[in-house]
Structures are given as structure tokens and as C-alpha cells.
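# Coordinate analysis (summary)
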Amino acid sequence: MSADLFEFLCRMGDNCLILGHRVSEWCGHAPVLEEDIALANTALDLIGQTQLWLGLAGEVEGKGRSADDLAFLRDAWDFRNVLLVELPNGDFGQTLMRQFLFDAWQELMLSALTQSSEPRVAEIAQKAVKEVAYHVERSGDTVIGLGDGSAESHARMQAALDLLYPYVGELFESDAVDQAMVKAGIAPDPESLRAAYDAKLAQVMGEATLTLPDDRFAHKGGRTGRMHTEHLGHILTEMQWLQRAYPGASW
Amino acid sequence: MKHEWPLWEVFIRGQHGLSHRHVGSLHAPDAEMAVKNARDVYTRRNEGVSIWVVEARHITATSPSDKGPMFEPSESKVYRHPTFFDIPDDVGAM
């Protein structure tokens, strides 16, 4: 049981960690000051959530590993994030499309987790769901604004949706770890969130005048650790180099 | 086509019972995004419980060149300040 819970918590934490790092890459580079600060806030929220999820993962594992140990001293094959969050930022529109596709899932997941039978999971979810409710409102509004914007922004958002939609299916994959979580009442079956997610996407993409692809093909392998994209290793070299070069460095 | 987003002035209420105070300005495409941007730019350190935004062009302001006729005449009229009353302690801050 605790091995499954550890796996589940790593999946939750690694999604936040890798996306938080990706979004932080915009710091100082966003198209306008206001968006720069908003993206940095989102990245910081996600890193804050990472500390909670991976901190609990370390406790559950019982081998004395802290959230920092898990974040900075594991290699690519130990990461359990979905492939969607490790994909490169692309342009601003692509970043916000990825953000919305993730936020919409995360809000549903966290809402369900507030009812978790594991009180520490419910507590983290209750804190995080308020942050994420704002993230999804902001990313959704931006997707609508750019999708239903100029010809140029519309074309870019449609291209971003076409590129990223094949990575959405992995969020709703279910395996033995998920079944163990469902059985223990800790987390919902990911598949059970899909209908609400589809409804949300249909509403926002409709307002954004964007067309959802029909094909439900899904790239998979991140959340099980079977196979990440080549992008994850590059993120880790940048994110982990300091702890790798100067083990235990603190300031 | 105009490429600049309009300028918005931002007013934040620090806590219940206080009035909204001007804290700065920002750019946003519409009022809703202006509120969101204000939330991210001006309340990330827990500065507020309420936000107002108003497009800067809707504010009518005094002109610096009118400073003399506008404000100077009141400088010499000290009798307009109610400083000659004793205020009982239990009134508190006024």
C-alpha cells in the first residue's frame, strides 16, 4: 500500500515540479510585464505544491528522503510526471494552451482529492485547489482571448491545441497504482474525471473558436515512468546541476 | 490597428473597513483581465481584500499648471481647520 501511495504522490508532485520549472523559464521573457508576473506566480504556486506532495511522498516512503532529495537527486527514469508538462514552452500561446489543458485536469483532480480518505492528501488538495481555481480561470481566459483574437493568434492557438491534445489522454490513464488508490478511497479513478474535463474543454474551445481534434490517440509513458520524452533530461540537467555539482549546497 | 493595451488604474482595499487606495497602474486588454493582472501584480504578498480597476482615460484630473488657482487660496485659511475644538479621548481616531 505505501509503495502505491508513494508512487501516486510522486505523480502528483512531479507534475507540479516539472510544469513549475517549465513555466519559470518565462521569467523575464514574457511578452508583457503583467503576464511575466502572472506566470511567475503560477510557477511559484506549482513549486509550493511540489514541496507538499513530494514532502509527503518522502514521509510515506520512510527512507528519510526530503522533497528536495526527490526533486534534485532522482534521474529521469524515476520521474512520474505526464509527458504534457515536460514539453517545451513553444510560443506564449502554446505555453498557455498547455497550462489550460493541465489546469482543467488539475482542478478536477484536486477537487476530488479534497474528499480523500487520507487526511494529509485532503489537506494538500484543499490548499492547492484554491490556487488552481485561479490558474484555470486565467489560462482559460487567455486561451479564449487568443483563440478568438486575430487571425495570427487564432492560427497559433489552433496549432498549439493540435500539437498538445495527443498528450491529454495520459492524464486519464488508469493502472494498478490508481486502482489501489481507488480501493483505499485515497484518490479517484482518473478515467472518472474525463467526462467533466471534456465538457470544460468543449466550452472553452467553443468560446475560443478552436476545433478539438477528433482523434483520441494518446502519447503515454510519463506517469508510469516507462518512457519520457527527450525533453525531460534537458530540464533535469538545468534544474539539478547545482545539487549535482555541489552536493548538499545550501544558502 | 492599435497594438497597445489600454492603461488601467488599480485601487486596493487593504482590509475591511478601510477605503480603496490607489496603488499603481497596469496594462490589460479588458476590465476582467485588468482585475486578474492587478491580483497578480499588486496582491501577491497578501496586500488586499478587494480590487477596483478603472481605465485611466475615464479619470478626469486636475492639471499641474492649475496648481496655483486650484490649491493655493486655501493655504492661508487656517480657520477652516477645526483645530480649536477639544476632542474627547473616547472619540478615538478622527
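Residues numbered from 1 in each chain as written. Chains lettered and ligands numbered in written order. Predicted model: local features only at pLDDT ≥ 70, side-chain atom pairs only at ≥ 80, totals over all residues. Heavy atoms only, no water.

The name given to chain B in an unreviewed UniProt entry is 1,2-phenylacetyl-CoA epoxidase subunit B, with the source organism recorded as Rhodalgimonas zhirmunskyi.

Under an unreviewed UniProt entry, chain A has the name Phenylacetate-CoA oxygenase subunit PaaC and belongs to Rhodalgimonas zhirmunskyi.

## As for the pattern of salt bridges
Between side chains of opposite charge, a pair can form when the charged atoms approach closely. Applying the stated criterion to the full structure yields 20 salt bridges over all chains. With a closest N to O distance of 2.6 Å, Glu 7 of chain A and Arg 80 of chain A form a salt bridge. Of the two residues, Glu 7 of chain A is situated in helix H1 (residues 2-24) and Arg 80 of chain A in the loop between helix H3 (67-72) and helix H4 (83-86); the sequence distance between them amounts to 73 residues. Across the pair, Arg 80 of chain A and Glu 7 of chain A agree in class, each one buried. Linking Arg 39 of chain B and Asp 40 of chain B is a salt bridge whose minimum nitrogen-to-oxygen distance equals 3.0 Å. The exposure class of Arg 39 of chain B is partly exposed, given its relative accessible area of 29%. Exposure remark for Asp 40 of chain B: the relative accessible area of 1% places this residue in the buried category. Taken together, the shared-partner salt bridges in this structure form one network comprising Arg 11, Asp 175, Asp 178 and Arg 223 of chain A. (Salt bridge = Lys/Arg side-chain N within 4 Å of Asp/Glu carboxyl O. Helix = DSSP H or I, 4+ residues; strand = E, 2+ residues; numbered from the N terminus. Buried < 20%, exposed > 50% of the residue type's maximum accessible area, 1.4 Å probe, protein only.)

## Here's the deal with the pairing of strand E1 (residues 7-13) of chain B
All names here are of chain B. Sheet topology note: the E1/strand E2 (residues 21-27) ladder contains 6 bridges and is antiparallel. When the sheet's bridge partners are listed, Phe 11 is paired in E2 with His 22. Strand direction decides the pairing type here: E1 and strand E3 (residues 50-55), joined by 6 bridges, are antiparallel. Considered in E3, the bridge of Phe 11 is made with Trp 52. (Pairing = 2+ DSSP bridges.)

## Some thoughts on the packing of aromatic side chains
For the structure shown, the criterion picks out 3 aromatic pairs over all chains. Relative to Trp 105 of chain A, the ring of Phe 102 of chain A lies with its centre 5.5 Å away and its plane at 50°, an arrangement referred to as tilted. Placement of the pair is Phe 102 of chain A and Trp 105 of chain A together in helix H5 (residues 92-113), with a separation of 3 residues, close to one helical turn. We note Arg 74 of chain A situated over the ring of Phe 79 of chain A; from NZ or CZ to the ring centre the distance is 4.3 Å. The ring of Tyr 134 of chain A carries Arg 39 of chain B above its face, with NZ or CZ at 3.5 Å from the centroid. (Phe/Tyr/Trp six-rings, centres within 6.5 Å; stacked < 30°, edge-to-face > 60°. Lys NZ or Arg CZ within 6 Å of the ring centre and 35° of its normal.)

## Re the interface of chain A and chain B
If you look at the interface, chain A gives 12 residues, while chain B gives 10 residues. A combined buried area of about 1100 Å² lies between chain A and chain B, and 53% of that area is made up of carbon and sulfur atoms. Counting the surface chain A buries against chain B, the share from its top three residues, Glu 34, Asn 41 and Tyr 134 of chain A, is 48%. For the interface between chain A and chain B, the tally reads 3 salt bridges. The set of elements that each furnish at least two residues to the side of chain A that touches chain B consists of helix H2 (33-61) and helix H6 (119-147) of chain A. Along the lines of polarity and charge, the residues of the side of chain A that touches chain B split into 5 nonpolar, 2 polar and 5 charged. (Contact = heavy atoms within 4.5 Å. Buried area = accessible area lost by both parts, 1.4 Å probe. Nonpolar A, V, L, I, M, F, W, Y, C, P; charged D, E, K, R; others polar.)

## Observations regarding the environment of Gly 185 of chain A
All names here are of chain A. Looking at the element boundaries, Gly 185 is found in the loop between helix H8 (176-183) and helix H9 (194-207). Taking the relative accessible area as the measure of exposure, Gly 185 reaches 34% and is therefore partly exposed. Separated by 70 residues in sequence, Gly 185 and Gln 115 place their C-alpha atoms 8.7 Å apart. When near neighbours in sequence (up to four residues on either side) are disregarded, Gly 185 contacts Ser 116 and Ser 117.

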